[in-house]
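Examination of the molecular architecture
Listed here are the chains, written in short residue letters.
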Amino acid sequence: MGMNDMVRFVRQMSGKLGSNIYAGLQPQTNAQQISFIRQLQKEMKQKNSLDCPLNELPVIVFDLETTGFFPEKGDKVISIGAIKMTGSKIHEKDVFYSLVKTDTSIPIEISKLTNIDNGQLEGAPEAKDVLIDFFNFIGSSILVAHHAKHEQAFMKKISLEQLRVSFEHRIIDTSFLVRLTNPVIHPLPLEQLCNDCGIEVTDRHHALADAKMAAQIWAFFLKKAQHQGYNNLREVYEYLSRQR
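Below you will find a few notes about this structure. (Residues numbered from 1 in each chain as written. Predicted model: local features only at pLDDT ≥ 70, side-chain atom pairs only at ≥ 80, totals over all residues. Heavy atoms only, no water.)

Now for helix α5 (residues 127–138). For α5, built from 12 residues, the straight-helix expectation of 16 Å at 1.5 Å per residue is met to within 8% by its first-to-last C-alpha distance of 16 Å. Extensive coverage of α5 is indicated by the burial of 9 of its 12 residues. Within α5, burial applies to Ala127, Val130, Leu131, Ile132, Phe134, Phe135, Asn136, Phe137 and Ile138. The first or second residue beyond α5 is glycine 139, which carries a positive phi of 55°. (Helix = DSSP H or I, 4+ residues; strand = E, 2+ residues; numbered from the N terminus. Expected span 1.5 Å × (residues − 1). Buried < 20%, exposed > 50% of the residue type's maximum accessible area, 1.4 Å probe, protein only.)

Structure representation (structure tokens):
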């Protein structure tokens, strides 16, 4: 594992933990909104989370439902769900969920999968407004997602399109901790991981329900990591880097 890999990881993990500086801020103008997000980005870079004890590590687990898999080809976000955690504790009442208005028609197969139709999105909040609310919810927290590359690609696209800012929150994939058990494991479907962990699968392909199941997966493997003797993310990364 070279230095570049470590640098990329440190950048991914960077974030000021437990900050509530912006929790009550409700920006009213476009300039204030952009300033707010840039302040969050600065805050994320002030401290890094590698050495935060795992049992104190605050994260926000989130999920997106989209019209397809390719934001670069015009697919859009249609809903966002998220839930807060501290260590392995899931804050069941501290959640975020919203449909997202889009001018892209939902393919029939996606509508059947998500139970979201074009009529529902006609009355949904504008994407820009949902994004601002979401940024208020996540603050400068670390984000966790299942199959995180999908979420990251869409968040980068929608943030640039709607707010003209780059999405700089780094996202940890759930597989990061799963790989402690099997370093060469390929990404598994959410349902399979839930079944393996004894987690009930409910309301699949609903953004908030999927975020809650991903949170349970994160909690399950975070506990395993602690039982294996890992104290923080730095120790996890250093172990995984030696397995490559």
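Next, the rest of the story.
To continue, consider the environment of isoleucine 83. Of note, isoleucine 83 is situated in strand β2 (residues 77–86). Isoleucine 83 sits 125 residues away from leucine 208 along the chain, and the two C-alpha atoms are 7.6 Å apart. Apart from the residues within four sequence positions on either side, isoleucine 83 is in contact with Val59, Ile60, Val61, Ile90, His91, Glu92, Asp94, Val95, Phe137, Ala211, Lys212 and Ala215. (Contact = heavy atoms within 4.5 Å.)

Attention now moves to the sheet that holds strand β5 (residues 171–173). A sheet is described by the order of its strands in space; here 5 strands give the open sequence β3-β2-β1-β4-β5, paired in mixed fashion. Either end of the sheet is taken by a strand with one partner, and the two such strands are β3 (89–99) and β5. For this sheet, the mean angle separating the axes of adjacent strands, direction not counted, is 30°. Two elements, strand β4 (residues 142–145) and β5, share 3 bridges in a ladder whose sense is parallel. Opposite valine 144, over in β5, you have isoleucine 172 as the bridge partner. Against the sheet, α5 makes contact with β1 (58–66), β2, β3 and β4, and its axis sits at roughly 170° relative to β3, the strand it touches most. Each of β1, β2, β4 and β5 is contacted by helix α6 (residues 148–163), which is oriented at about 80° to β1, the strand it contacts most. (Pairing = 2+ DSSP bridges. Axes fitted to C-alpha atoms, helices over the stretch in contact; angles between N-to-C directions.)

With that out of the way, let us pick up the nonpolar core. Counting 36 residues, the largest nonpolar core has Phe176, Leu177 and Trp218 as its most contacted members. For this core, the secondary structure elements donating two or more residues are β1, β2, β4, α7 (175–178), α8 (190–197), α9 (207–227) and α10 (233–242). Examining the composition of this core, we find that 9 residues originate from one element, α9, more than from any other. One finds Ile37, Val100, Phe167 and Ile171 within the second-largest nonpolar core, a separate group that totals 30 residues. (Core = buried A, V, L, I, M, F, W, Y, C linked by side-chain atoms within 4.5 Å.)

Now for the pairing of β4. Side chains Ile142 and Val144 project from β4 onto one buried face, and the interleaved Leu143 and Ala145 project onto a second face that is buried too. Taken together, the 3 bridges between β1 and β4 define a ladder with parallel strand orientation. Looking across to β4, one finds that valine 59 is bridged to isoleucine 142. One crossover worth recording links β4 to the parallel β5 by way of α6, and it is right-handed. (Right-handed = clockwise from strand over helix to strand, strands pointing away.)

Functional significance is not addressed by these values, which are geometric in nature.
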